[in-house]
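Reading the structure
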Amino acid sequence: MRSLMRILVLSCSVAVSAVPAISQQLASTPPMGWNSWNHFAEHVTDADVRSAADMLVSTGMRDAGYIYVNVDDTWQGKRDAQGVLHPNERFPDMKALGDYIHSKGLKFGIYSSPGPKTCGGYEGSLDHEAQDAKMYAEWGVDFLKYDLCSFQDMMKKAKADHPNDPDAAKNLMIAAYKKMGDALKATGRPILYSLCQYGVDQPWKWGPSVGAQMWRTTDDIDDSYGRMIAIGFSQAGLAKYAGPGRWNDPDMLEVGNGKMTTDEYKTHMSLWVLLAAPLLAGNDLSKMSETDKSILMNKEAVAIDQDPLGKQGDRLYQSGDLDVWTKPLSGGRVAVGLFNRSWDNRDVSVDLAEIGFKNGANLRDVWKRTDLGLHTGVFTDTIPKHGVTLLIVSK
Ligand code: GLA
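Residues numbered from 1 in each chain as written. Predicted model: local features only at pLDDT ≥ 70, side-chain atom pairs only at ≥ 80, totals over all residues. Heavy atoms only, no water.

For the pair helix 6 (residues 129-139) and helix 8 (residues 168-187), interaxial distance at closest approach is 8 Å and the crossing angle is 40°. Compared by their axis directions, helix 6 and helix 8 come out oblique. As for how helix 6 packs across helix 8, the hand of that crossing is right-handed. Counted together, Glu129, Ala130, Asp132, Ala133, Lys134, Tyr136 and Ala137 of helix 6 and Lys179, Met180, Ala183, Leu184 and Thr187 of helix 8 form the full contact between these two elements. Residue composition of the contact of helix 6 with helix 8, by class: seven nonpolar, one polar and four charged. (Axes fitted to C-alpha atoms, helices over the stretch in contact; angles between N-to-C directions. Helix = DSSP H or I, 4+ residues; strand = E, 2+ residues; numbered from the N terminus. Parallel < 35°, antiparallel > 145°, perpendicular 65-115°, else oblique. Left-handed = near helix turned anticlockwise from the far one by under 90°. Contact = heavy atoms within 4.5 Å. Nonpolar A, V, L, I, M, F, W, Y, C, P; charged D, E, K, R; others polar.)

Written as structure tokens, this is what we have:
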């Protein structure tokens, strides 16, 4: 057995500002759903979204908790003389689409940008925030992803115009996010507000103050093991900023998109649930394999993410390619991920006494769906390359 060198991660408690009641109501646990971008990207149509809604129901995803159906970028058409933004020809009637989604017991999400253009070059909401928010509310929108995109040009200009103010660009961005947050609030419809600005200027510190319930912490994910682990394992230290109504978002899921192995997708799902990340599936639901289903709908994995305590997990040890992460759960339980990023099978260990179980604990293997019985002291498992063992530890 190769031993794990332990690096103690000091968890310092910080005063976390109060979360508004509306945020608690909208996102007491990390939001879950499906988003069009990772699979359909700029080709998404009304028919694709309706069929995704149908399949969230028929596959069991809705009942597993995936309730938002989020149309990402590229639904927008042009603004008319009154400034009203119309959808493009691929989305004939957004209100009807929202009604259809709601008729399936699901919620409707949409996408825009604080800049003049979205990342795909479509119309953004700059100078039309209140008008757009009102329209979303009329369409029955329940979720807005607001993506920085072309607003970055305005930030660059602010920086150039105010060379002596290091916060000029950041303050401009925060004001732009607050403007839409206030506009959403003014509609009177509860609309979950998701910031997408790639983790620029520590949104976990100011996200709640602009009315957001979640914020991206990094640049985009893609369907590769390298990118997924680069994002997932870089989340160490952010746990203290998450909680009911306020979630760090390491980006959407790639499970089922086909370019990772089963062990790699289990690593992806394990990390995201330990991180209490929003779980937004991004796969083609019409082609879900039994394996994809068993990963995305593993009840015990989803329950780790959705645990009512609302604590994000964090790194306990790291040694080279081996990592141990823990997440406190309700009822005095702890979820533990033993990760192996190397190209060989490797033994990874956790000291049960160190995570609060001096007299031993019952272990449950979440992926194998097996009770491992009572263990005391150091528990070691052999983890396949790029794989994980996800445990629930209880008295
Ligand atoms: C950015 C976001 C992605 C997606 C695309 C759409 O890259 O980070 O999640 O929304 O824009 O253009």
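Turning our attention to the site of the ligand. Taken together, 13 residues lie around the ligand, and Asp72, Asp73, Lys145, Asp147 and Asp220 are the ones closest in. Contacts to the ligand include Asp73, whose side-chain N or O atom sits 2.8 Å from an oxygen atom. Taking Asp147, its side chain carries an N or O atom lying 2.9 Å from an oxygen atom of the ligand. Residue classes in the shell around the ligand are distributed as six nonpolar, one polar and six charged. (Near = heavy atom within 4 Å. Polar contact = N/O pair within 3.5 Å; in protein donor to acceptor, adjacent residues only side chain to side chain.)

Let's shift gears to the pattern of salt bridges. For the coordinates displayed, the defined rule picks out 24 salt bridges. The salt bridge involving Lys117 is made with Glu123; its shortest N-O contact spans 2.7 Å. A salt bridge links Lys287 to Asp284, with the nearest nitrogen and oxygen atoms 3.4 Å apart. According to the relative accessible area criterion, Lys287 is exposed, its value standing at 63%. Connected via shared salt-bridge partners are Arg79, Lys117, Glu123 and Asp132. (Salt bridge = Lys/Arg side-chain N within 4 Å of Asp/Glu carboxyl O. Buried < 20%, exposed > 50% of the residue type's maximum accessible area, 1.4 Å probe, protein only.)

If you look at the biggest cluster of nonpolar residues, it comprises 90 residues, and the most contacted ones within it are Tyr66, Trp75, Tyr136, Tyr193 and Met269. When residues of this core are assigned to their parent elements, the largest contribution, eight residues, is made by helix 8. Those residues in contact with Tyr193 that sit more than four places away from it in its chain are Leu144, Tyr146, Tyr177, Met180, Gly181, Leu184, Val210, Gly211, Ala212, Gln213 and Met214. Counting 18 residues, the second-largest nonpolar core is a separate cluster that includes Leu316, Tyr317, Val334 and Val348. (Core = buried A, V, L, I, M, F, W, Y, C linked by side-chain atoms within 4.5 Å.)

With that settled, consider helix 10 (residues 225-232). Within the span of helix 10, buried status applies to Tyr225, Met228, Ile229, Ile231 and Gly232. Down the axis of helix 10, the buried side of the element spans an arc of 160°, and every buried residue falls inside it. For helix 10, the secondary structure elements touched by its buried residues are helix 11 (262-274), strand 12 (322-328) and strand 13 (334-340). (Arc of directions from axis to C-beta.)

Where helix 7 (residues 151-161) meets helix 8, the axes come as close as 8 Å, and the angle between the chain directions of the two elements is 140°. As for the relative orientation of helix 7 and helix 8, their crossing is right-handed in sense. Along its contact with helix 7, which presents Phe151, Met154, Met155 and Ala158, the element helix 8 presents Ala168, Ala169, Leu172, Met173 and Ala176. Residues belonging to the contact of helix 7 with helix 8 are distributed by class as follows: nine nonpolar, no polar and no charged.

Evaluation of the coordinates by the stated rule reveals ten aromatic pairs. Ring centres 6.1 Å apart and planes at 70° place the aromatic pair Trp34 and Phe40 in the edge-to-face group. Each member of the pair, Trp34 as well as Phe40, carries the same accessibility label: buried. An angle of 65° between the planes, with centres 6.0 Å apart, marks the rings of Phe233 and Trp325 as edge-to-face. Of this pair, Phe233 sits in the loop between helix 10 and strand 9 (247-249) while Trp325 sits in strand 12, placing them 92 residues apart in sequence. There is no split in this pair, since Phe233 and Trp325 are both buried. Linked through ring pairs, Tyr146, Tyr177, Tyr193 and Trp206 together constitute an aromatic cluster. Here Arg50 stacks its cationic end above the ring of Tyr100, 5.0 Å away from the centre of that ring. A cation over a ring is seen here: Arg341 above Phe233, with NZ or CZ 4.4 Å from the ring centre. (Phe/Tyr/Trp six-rings, centres within 6.5 Å; stacked < 30°, edge-to-face > 60°. Lys NZ or Arg CZ within 6 Å of the ring centre and 35° of its normal.)

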